[in-house]
Amino acid sequence: MEPLWKLLYLLEPAPVILLLTAVAVTFVSALRSLNYGKEMEQNCDLSEASITLDRSQALIIPIMSSFSLLLMFYLFSPVSQLLTAFTAIASASSLFFCFYPYVMYLQSQLGLLYPYMSRYCSKSFTLLQGLLLLLCIGIVAAWLVSGHWLLNNLLGISICITFVSHVRLQNIKICAMLLVCLSVYDIFWVFFSERFFGANVMVSVATQQASNPVHTLANSLSLPGLHLITKKLELPVKIVFPKNLFGGIVPGNSADFMMLGLGDMAIPALLLSLVLCFDHRKSRDSVNPLDIPSAKGHKYIWYALSGYAIGLVTAVAAGFLTLSPQPALLYLVPATLGPIIFISWIRNELTELWEGTMPDLNDKPHLTEV
């Protein structure tokens, strides 16, 4: 155990930006999920809007995740180029999903009209959408060439937002089952996997670099500029920040990175998305990030978001004090789920949240687009 004064390292640029980024991404993911569900209901297209998890799926996810983790642990090198190609496609699609509302908002504000390029499968595709798609492909291509950590973070954040927007939970009961099971999964693979598999499986998989298929192709074709293409890539399954960011002095090798897995943002964001929908149904009002709740009836989203921030700070602090990887969900789940259950019990709303029904998101026409 390190001395407590080392908690001052939490004030260094890298931890501060990591914490702020994670909190912001988690909130934006929940807000985008609410708005996307509303858009799909307005278009009578809810079947494509999301996948609603039931109890059996919530229980099977940690088991399937464990099998996937072991496969990655033992077979990562042989399939790394395939994983990189799949990740590139998923990243381009996620970027398009995240940028599209902003592009459409800008188009409506400027009164721009773009011709349709095609109408295949009852879906319209405009020139503006085509340009946006090219931009997204360009960003992914830049990541494939450079492997820069900022581009890695951008892709990871977009994947997180897209995942949360398309996966929904019916109620707090299923959410609690999922979060508790994934906490056990996280704790086992971080703290105990080394005893069974000879290495920390979670950390090994999270820190492995994938072979870059672009470099392999360029090398086989003897293309010029091969030295400019990175051989190895950090897959965007986590957000990373250099420990020496802005001259910081976080303990450890200055070339190392502080990291946070996407699951440590996406899984709590599912809870935030659920309570945000509940808040919206209760308030029958627009959901706005700047909407400060009155003393009468604070919204659950703010308790969940505050709990997430506290849990994340605790997890990072534990990492500094123990100098070892920490299962973030061990801290995040009680810090987010606990206050929601307790406060809803005080308000006599626990039964409604616990059993829950999918809310009608179109009760009010005005939502802040994200």
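Residues numbered from 1 in each chain as written. Predicted model: local features only at pLDDT ≥ 70, side-chain atom pairs only at ≥ 80, totals over all residues. Heavy atoms only, no water.

### Examining the overall build of the chain
Here comes step 1: Looking only at helices and strands, the chain features twelve helices and eight strands.
Here comes step 2: Each of the 370 residues in the chain was classed as buried or not, and the buried ones make up 45%.
Here comes step 3: Once local pairs closer than 6 in sequence are excluded, the contacts in the chain between residues at least 24 apart make up 76%.
Here comes step 4: Element-wise, carbon and sulfur atoms account for 68% of the exposed surface of the chain, whose accessible area totals about 18700 Å². (Helix = DSSP H or I, 4+ residues; strand = E, 2+ residues; numbered from the N terminus. Buried < 20%, exposed > 50% of the residue type's maximum accessible area, 1.4 Å probe, protein only. Contact = heavy atoms within 4.5 Å. Areas by Shrake-Rupley, 256 points an atom, 1.4 Å probe, with all protein chains shown as cover.)

### Brief notes about the pattern of salt bridges
Here comes step 1: Evaluation of the coordinates by the stated rule reveals five salt bridges.
Here comes step 2: Between K173 and E355 there is a salt bridge whose closest N-O contact spans 3.5 Å. Separated by 182 residues along the polypeptide, K173 in helix α6 (residues 172–197) and E355 in helix α12 (residues 350–355) bring together distant segments of the chain.
Here comes step 3: A residue is classified by how much of its surface remains accessible, and E355, at 41% relative accessible area, is partly exposed.
Here comes step 4: With a closest N to O distance of 3.0 Å, K282 and E352 form a salt bridge. On the criterion of sequence distance, the pair formed by K282 in helix α9 (residues 263–283) and E352 in helix α12 is long-range, its members being 70 residues apart.
Here comes step 5: Its relative accessible area of 42% is what places K282 among the partly exposed residues.
Here comes step 6: On the basis of relative accessibility, which here comes to 33%, the residue E352 falls in the partly exposed class. (Salt bridge = Lys/Arg side-chain N within 4 Å of Asp/Glu carboxyl O.)

### Topic: the packing of aromatic side chains
Each aromatic ring pair is specified by the distance between its two centres and by the angle formed by the two planes.
Here comes step 1: The tally for this structure, following the rule as stated, stands at twelve aromatic pairs.
Here comes step 2: Between Y36 and F97 the ring centres are 4.9 Å apart and the planes differ by 85°, which places this aromatic pair in the edge-to-face class. Of this pair, Y36 sits in helix α1 (residues 13–42) while F97 sits in helix α3 (residues 55–110), placing them 61 residues apart in sequence.
Here comes step 3: Seen from their ring centres, F96 and Y100 are 5.7 Å apart, and the 20° between their planes marks the pair as stacked. In this pair, F96 and Y100 both sit in helix α3, four residues apart, roughly one turn of the helix.
Here comes step 4: You can call Y100 partly exposed: its relative accessible area is 27%.
Here comes step 5: Chaining the aromatic ring pairs together yields one cluster made of F188, W189, F196 and F197.
Here comes step 6: When the ring centre of F97 is taken as reference, the NZ or CZ atom of R32 above it lies at 4.4 Å. (Phe/Tyr/Trp six-rings, centres within 6.5 Å; stacked < 30°, edge-to-face > 60°. Lys NZ or Arg CZ within 6 Å of the ring centre and 35° of its normal.)

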